[in-house]
Amino acid sequence: MKKVSLVNRISLLQYAKNELKALGFTESENTKEHHGYDYYKQTDVGELCLTPVSDSNGLSLFAMFDDPKRASTKFNCNPYSGKYNYLFLKTKFEISNALCQYVR
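Residues numbered from 1 in each chain as written. Predicted model: local features only at pLDDT ≥ 70, side-chain atom pairs only at ≥ 80, totals over all residues. Heavy atoms only, no water.

K.L.:
How do you make sense of the pattern of salt bridges when you look at a structure like this?
P.N.:
Oppositely charged side chains can pair when the atoms bearing their charge come close. For the structure shown, the criterion picks out 2 salt bridges. Of the charged contacts, one joins Asp44 and Lys74 as a salt bridge, the two residues approaching to 3.1 Å between their closest N and O atoms. Taken together, the residues Asp44 in the loop between β2 (39-43) and β3 (46-55) and Lys74 in the loop between α2 (68-71) and β5 (86-89) connect sequence positions 30 residues apart. Exposure remark for Asp44: the relative accessible area of 53% places this residue in the exposed category. Accessibility expressed as a relative area gives 29% for Lys74, which makes it partly exposed. Here Arg70 and Asp67 are joined by a salt bridge, their closest N and O atoms 3.7 Å apart. On the basis of relative accessible area, Asp67 is assigned to the partly exposed category, the value being 26%. (Salt bridge = Lys/Arg side-chain N within 4 Å of Asp/Glu carboxyl O. Helix = DSSP H or I, 4+ residues; strand = E, 2+ residues; numbered from the N terminus. Buried < 20%, exposed > 50% of the residue type's maximum accessible area, 1.4 Å probe, protein only.)

Below, the structure written as structure tokens:
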């Protein structure tokens, strides 16, 4: 797997944070209230909590719906835990595409 440079990782992370805000996600001041996640948004199938994480493989979006059963009727999330992750995104297009899936 091709590694992503530190400069690109920082750029991708900042891009993801800007996109989250543009899509209406709120930055969590107290992550304990949101299961340890950095951003949250109310959706029509319950609250969605999300954290973007950057490493040498790219950017990953770790997300979890608070009502897994309800969320699984609309999203391909884990019906038991509500997790709905995207891993190793390497371009701004991939990040935008993944983030749009959370709010479709």
